[in-house]
Amino acid sequence: MSEVRVDVTEQKAGTERVRTEVDQDQDPPPLDPVKPPTGETSRPDLQGLLPEPSPSPSAEGSGLLSLPWELVTHIASYLSAQCVITVLPKVCHVLGNLGKDSVAWQLRARRLTGSGAGFPVGPKEDFNWPNACLEMEQLITCWAGQADLDGEDGDIQQNVGRDVLLRVREEVEWRPEERVASLMLGERGPRAVVDAVDGREGAFDQIDHQEDLVDPRHLSDRGEVDRGQSPRSPSPPPALERMTLPLQNADICSVLLVGGEGRVCATGSQDMKVKLWDLQVGSRGTLLRALGGQGHTHQGWVVCLAYRGPLLASGSLDSTVRLWDLEAGGAARGLIRTGFPTHCLSFQTDVLLAGTSHNRINMYDTRVAEPLVKSLRLHSSHGDAVRCLAADDNYIISGSTDCTVAVYDRRAGKALKKLQLSSFLSSMSYSGSEVWAGDHRGMLHAFSMQAGVFKHLSQFDVGHTSRITGIHRSPGSLYTCSCDETVKVHLPSAPPRTLCTLLQQDWVYGLSVEAGVLAVASGDFWLSRVQVWRPRR
């Protein structure tokens, strides 16, 4: 027979220590319903006096933390990634360790992408699993089941069954996060979990967010399940809202969200102007200013934009790049003459890269009066142009219309590798160890860049039928747009899992993604538009 001895100190007129012996195998005597329990007839409150239970089978105490760690991990998989990352560490140190379980994150990612898909596409070493799962769940919540966003432009075509998307959306959206602490610490008791261990019916009914028992929308006034109602909850309101900027017939060539929070949008157009738009004012946004005053910003079409910190760079077919200070109201900060029409830009911490005609990549230091640092020719053909490029502190990766992709090692100061493709790359996104690019035939290409080794991993057909003009990839999201008048939202797996397709009325020239906000530029020679999808306020 085991005993628990607890010292209970009560603060009254004086301090009296009472030692109470509790026999675990015998129930305490019933309490007097009138007189408060005193002395040896009372059972001490053990809450807060026992040490915190350890997540092991041998731990004493009640609640979920007394269960095997594998079972606790399984239960936590029914919470959202946001909850596991931000809420559980505030509950207790033990639950905070759930966010460090790499295997649990990989299982979650597999459930999101599907068992038949490869994820991540590139190397798994140093891959940020928690961030990837968080982004994928947010992407599904925003874009799955959004067919009710309608209008003349921007209609959404579901790429998998609506019921399937709604089910996935419910899985990541309906999470009882406000009850995490009470659930994980055993407020409701471990009965449901114990039933699962014993193999009895109703294993995880009380904690499974997919079942009726946890959804208060399916409960009657007495707390019982209303079997007469559908087991599926009503679809929540759309998670996104759409706005269209008042462009006044400007022919947009490029679009870029700036500032880090998706609040300001920069546009470059065929009327040779660069404009800044405030997306927080009104239902359609408002024009902040046209850079360069009332006249033209450039003397040619503005076809590319890039920014780093307070500086915005605009590249034009007039063979110039202009710099603008966003913190100074868009004041001019410099003019760079590239020598050839500029097709693409990449702004890094210490250098601005410009891809031009005649297959040149120019490196500029924007802090000095003579900014040109080096001019590279990584592609052989003189009659072609560098159409896309991406870079980090170590490498520069570029695609040319000569159907080659080249890698330059910045530390060694030399070309590292060049691959020949069957079609030329027209857009590129580089983050972590993965490079994603779209070609002029509508195919997606995935590359890996790790420890100085550049590999072409695979190519995918995601349904685009013409040149891919824009691409954005992060650990848990993938956006693409094309001249086939569509924008697609995917999970970045192999093959990509397409969540939905935004149908446009004209060519799509480019896209930009920042802080969950998506901006898309589309149009023709007579009418252009910039549409913005953002989380509903």
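The structure displayed is predicted, hence computed values, not measured ones.

Asks: Quick question: what am I supposed to make of the pattern of salt bridges here?
Replies: Side chains carrying opposite charge are able to pair once their charged atoms draw close together. Scanning the entire structure with this criterion turns up nine salt bridges. Measuring nitrogen to oxygen at the nearest pair gives 3.2 Å for the salt bridge that ties Arg333 to Asp325. Using a relative accessible area of 45% as the deciding quantity, one classes Arg333 as partly exposed. Taking relative accessible area as the criterion, Asp325 reaches 13% and is therefore assigned buried.

Asks: Looking at this structure, I do not really get the environment of Val72. What am I missing?
Replies: Looking at the element boundaries, Val72 is found in helix 1 (residues 69-76). When the C-alpha atoms of Val72 and Leu95 are compared, they prove to be 8.9 Å apart, with 23 residues separating the residues in sequence.

Asks: Explain the nonpolar core here, please?
Replies: Generally speaking, a soluble globular protein has its nonpolar side chains buried in company with each other. Counting residues in hydrophobic clusters, the biggest one holds 47 residues, and the most contacted among them are Trp143, Tyr479, Leu511 and Leu518. For this core, the leading source of residues is helix 6 (residues 129-143), giving nine residues. Every residue in contact with Leu511, bar those within four places of it in the chain, is listed here: Val255, Gly470, Ile471, His472, Tyr479, Thr480, Cys481, Val487, Leu518, Ala519 and Val520. If you look at the next biggest cluster of nonpolar residues, it comprises 16 residues, including Val407, Leu421, Leu425 and Phe454.

Asks: Got a minute to help me understand helix 6 in this structure?
Replies: For an α-helix, the turn length of 3.6 residues means that residues three or four places apart are oriented alike. Spanning 15 residues, helix 6 covers 21 Å between terminal C-alpha atoms, matching the ideal 21 Å at 1.5 Å per step. Most of helix 6 is tucked away: twelve of the 15 residues are buried. All buried positions along helix 6 are accounted for by Trp129, Ala132, Cys133, Leu134, Glu135, Met136, Glu137, Leu139, Ile140, Thr141, Cys142 and Trp143. Between a side-chain oxygen at the N-terminus of helix 6 and the backbone nitrogen of Asn131 the separation is 3.0 Å; the capping residue is Asn128.

Asks: Explain the side chain of His464 to me, please; I cannot follow it from the model alone.
Replies: Turning to its location among the elements, His464 is positioned in the loop between strand 24 (453-460) and strand 25 (468-474). By relative accessible area, which is 4% here, His464 ends up buried. For His464, the side chain forms a polar contact with the side chain of Asp484, separated by 3.2 Å. In this view, His464 contacts Arg441, Gly442, Thr480, Cys481, Ser482, Asp484, Thr486 and Lys488; residues no more than four positions away in its chain are not counted.

So, how was this worked out
- For every chain, the first residue of the written sequence is number 1, and numbering continues from 1 along that sequence.
- Since the coordinates come from a predicted model, pLDDT governs what is reported: local features require at least 70, and pairs of side-chain atoms require 80 or more to be given and counted, while whole-chain, interface and lining totals use all residues.
- For side-chain calculations, the full set of non-hydrogen atoms in the structure is used, while hydrogens and water are omitted.
- The term salt bridge refers to a side-chain nitrogen of Lys or Arg lying within 4 Å of a carboxyl oxygen of Asp or Glu.
- Buried residues are those whose accessible area, probed at 1.4 Å on protein chains only, stays under 20% of the maximum for their type, while exposed residues exceed 50% and partly exposed ones sit between those limits.
- Numbering goes from the N terminus for both helices and strands, where a helix is a DSSP run of H or I of at least four residues and a strand is a run of E of at least two.
- Grouping buried Ala, Val, Leu, Ile, Met, Phe, Trp, Tyr and Cys residues that are joined through side-chain atoms within 4.5 Å yields what is termed a nonpolar core.
- Contact definition: two residues touch when any of their heavy atoms are within 4.5 Å.
- A helix is expected to span 1.5 Å for every residue after the first.
- Polar contacts, as counted here, are pairs of nitrogen or oxygen atoms within 3.5 Å of one another; within protein the pair requires one atom able to donate a hydrogen and one able to accept it, and residues that are adjacent in sequence qualify only if both atoms are side-chain atoms.

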